[in-house]
Amino acid sequence: MIGVGVLKGMAVTLRQFVGTYPAGRVLLKALHLPEGNGIFTISYPETKQQHAERFRYFPFLVYDATPDNLRCVACRICEQECPPQCIHITMAKDEQNRPLKANGRTFPAQFDIDVSICMSCRICVDVCPFEAIEMDNRHEIATHARGPELLFDKTELLRSAEYFQQIKPTEAAVVNQRLVAKAAKSQPPKPAAASTPPAA
Ligand code: SF4
Ligand code: SF4
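In this text the structure is predicted, and so the values were computed from the model without any measurement. (Residues numbered from 1 in each chain as written. Chains lettered and ligands numbered in written order. Predicted model: local features only at pLDDT ≥ 70, side-chain atom pairs only at ≥ 80, totals over all residues.)

With that settled, the discussion passes to the overall build of the protein. The secondary structure content of the protein amounts to 7 helices and 8 strands. Taking 200 residues into account, the globule formula puts the C-alpha radius of gyration at 16 Å, and the protein, at 24 Å, lies well above it. Reported as C-alpha extents along the three principal axes, the dimensions of the protein are approximately 85 × 65 × 35 Å. Per-residue burial over the protein gives 14% buried out of 200 residues. (Helix = DSSP H or I, 4+ residues; strand = E, 2+ residues; numbered from the N terminus. Rg over C-alpha atoms; globule rule 2.2 N^0.38 Å. Buried ≥ 20, exposed ≤ 12 C-beta atoms within 10 Å, placed from the backbone.)

Next up, the structure:
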């Protein structure tokens, strides 16, 4: 229903506010509601806040085992679907304009995302058929300049599958299940067992 998400979010904010005060915590307990941490102040940047797993800021490119094992095949679907058009991809090709392959897959020669334009919508993640792009919760990326510093290239975007597992364990588990299912589907069917010849 429209607006339910907004009301739920406001309820969380209200609960945190009420839970700031001793009387409020008593009230929450009486209503069998979680107390939470209440509203608090941290001494940033000396102290960093622990982000919720669902927190997201900026995409990163996932690789398996080593950075040579990029999951991205440079299909450019994310580039086309990104609403503010802040992804720029070029597929790696040889002199005859034929796609190059690494580990059996095509790969991007160039993969840039403009930090100053990205709106953290996560659409690139949702449309990627290869689980190759995910959302990071790293957010301290502000600079004093408005130039190439805000254009993150392939090298800056690379993160390992272990890193993804570390920052978003629940989501990574779902992604891993999908990858396992996909790998099982792509296996050639096992040959049927040889039939026993009829007895003479
Ligand atoms: S991140 Fe995914 S959708 Fe984007 S180019 Fe790579 S494989 Fe395609
Ligand atoms: S999060 Fe949204 S805006 Fe940012 S790169 Fe992905 S699709 Fe584009």
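We are not done yet, so read on.
This paragraph deals with the site of ligand 1. Ligand 1 sits among Cys 72, Val 73, Ala 74, Cys 75, Arg 76, Ile 77, Cys 78, Ile 89, Cys 128, Phe 130, Ala 132 and Ile 133. Of the residues in the shell around ligand 1, the class split is 11 nonpolar, no polar and 1 charged. (Near = placed C-beta within 6 Å. Nonpolar A, V, L, I, M, F, W, Y, C, P; charged D, E, K, R; others polar.)

Okay, the site of ligand 2 next. As a structural note, the neighbourhood of ligand 2 is formed by 14 residues, with Cys 82, Cys 118, Cys 121, Ile 123 and Cys 124 the closest of them. Of the residues that constitute the shell around ligand 2, the class distribution is 12 nonpolar, 1 polar and 1 charged.

Of all hydrophobic cores here, the largest spans 21 residues; its most connected members are Leu 61, Cys 72 and Ile 133. Listing elements by their share of this core, those giving two or more residues are β1 (58-63) and β5 (108-114). It is β1 that contributes the most residues to this core, 4 residues altogether. Residue contacts for Cys 72: discarding those within four places in its chain leaves Leu 61, Phe 107, Pro 108, Phe 111, Phe 130, Ala 132 and Ile 133. (Core = buried A, V, L, I, M, F, W, Y, C linked by C-beta atoms within 7 Å. Contact = placed C-beta atoms within 7 Å.)

Mapping Glu 46 onto the fold places it in the loop between α2 (22-30) and β1. Judged by the 6 C-beta atoms lying within 10 Å of it, Glu 46 is exposed. A sequence separation of 19 residues divides Glu 46 from Ala 65, and the C-alpha atoms of the two residues are 33 Å apart.

With mixed pairing, 3 strands are arranged side by side in an open sheet as β6-β1-β8. At either margin of the open sheet sits one strand with a lone partner, and together these are β6 (133-136) and β8 (158-160). Direction aside, the axes of adjacent strands within the sheet are offset by 55 degrees on average. Note: β1 against β6, 4 bridges, orientation antiparallel. Pairing of Pro 59 across the sheet is with Met 135, part of β6. (Pairing = 2+ DSSP bridges. Axes fitted to C-alpha atoms, helices over the stretch in contact; angles between N-to-C directions.)

Glancing now at helix α1 (residues 4-18). For the α-helix, the turn length of 3.6 residues means that residues three or four positions removed from each other point alike. Between its first and last C-alpha atoms α1 spans 21 Å; for 15 residues at 1.5 Å apiece the expected length is 21 Å, and the two agree. By the criterion of burial, α1 is predominantly exposed, with just 0 of the 15 residues buried. (Expected span 1.5 Å × (residues − 1).)

Spatially, 3 strands are ordered β2-β5-β7 in an open sheet, and the strand pairing comes out antiparallel. At either end of the open sheet lies a strand with only one pairing partner, and these are β2 (87-91) and β7 (151-152). Inspection of the sheet shows β2 paired to β5 by 5 bridges, in the antiparallel sense. The partner of His 88 across the bridge, within β5, is Asp 112.

Time to look at helix α7 (residues 169-186). Compared with the 26 Å implied by 1.5 Å per residue over 18 residues, the 26 Å span of α7 between its first and last C-alpha is a close match. The element α7 is barely covered by neighbouring structure, given that only 1 of its 18 residues are classed as buried.

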